[in-house]
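Topology and contacts: notes
Listed below, chain by chain, are the residues.
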Amino acid sequence: QVQLVESGGGLVQAGGSLRLSCAASGRTFSDYAMGWFRQAPGKEREFVATISYSGGRTQYGDSVQGRFTISRDNAKNTVYLQMNSLKPEDTAVYYCNANRPFTTYWGQGTQVTVSS
């Protein structure tokens, strides 16, 4: 089992920044690729970003490319999502997940609200 706890969400004005954190415990953190997803009210869960086991490879959803940056610190068992130039449409609950073949764990989510 892997336990994931997100933090760092909140209310921010459009154009502002937030940094989300996701702390992992329970298994070897570096065995897992890590990702961020988000879900807005009435919408399906949307891919935001993913980072490889060592942090050498990252991918982003089209809607956040160039504004968000995913990173990880394997010594701290933590993955981060730096969000810049936030827009009202970024408002959602943000979830992190931990992935390896045939196994995915999810956190409980943290709310991000961007006011116009």
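Rules of the game
Residues numbered from 1 in each chain as written. Predicted model: local features only at pLDDT ≥ 70, side-chain atom pairs only at ≥ 80, totals over all residues. Heavy atoms only, no water. Helix = DSSP H or I, 4+ residues; strand = E, 2+ residues; numbered from the N terminus. Buried < 20%, exposed > 50% of the residue type's maximum accessible area, 1.4 Å probe, protein only. Contact = heavy atoms within 4.5 Å. Pairing = 2+ DSSP bridges. Axes fitted to C-alpha atoms, helices over the stretch in contact; angles between N-to-C directions.

1. Considering the environment of Gly10
Within the element layout of this structure, Gly10 appears in strand E2 (residues 10-13). Classification of Gly10 by relative accessible area gives partly exposed; the value is 24%. When neighbours within four sequence positions are excluded, Gly10 is seen to be in contact with Leu18, Gln111, Val112 and Thr113.

2. A look at the sheet that holds strand E7 (residues 68-73)
In sheet architecture, strand pairing relies on hydrogen bonds along the backbone and comes in two forms, parallel and antiparallel. Pairing in this open sheet of four strands is antiparallel, and the strands run E1-E3-E8-E7 from one edge to the other. Both outer strands of the open sheet, strand E1 (3-7) and E7, are each paired with one neighbouring strand and no more. Ignoring strand direction, the axes of neighbouring strands in this sheet form an average angle of 15°. Examined bridge by bridge, strand E3 (residues 18-25) and strand E8 (residues 78-83) share six bridges and lie antiparallel to one another. Bridge assignment links Ala23 to a residue of E8, and that residue is Thr78.

These results come straight from atomic positions and should not be treated as a statement about function.
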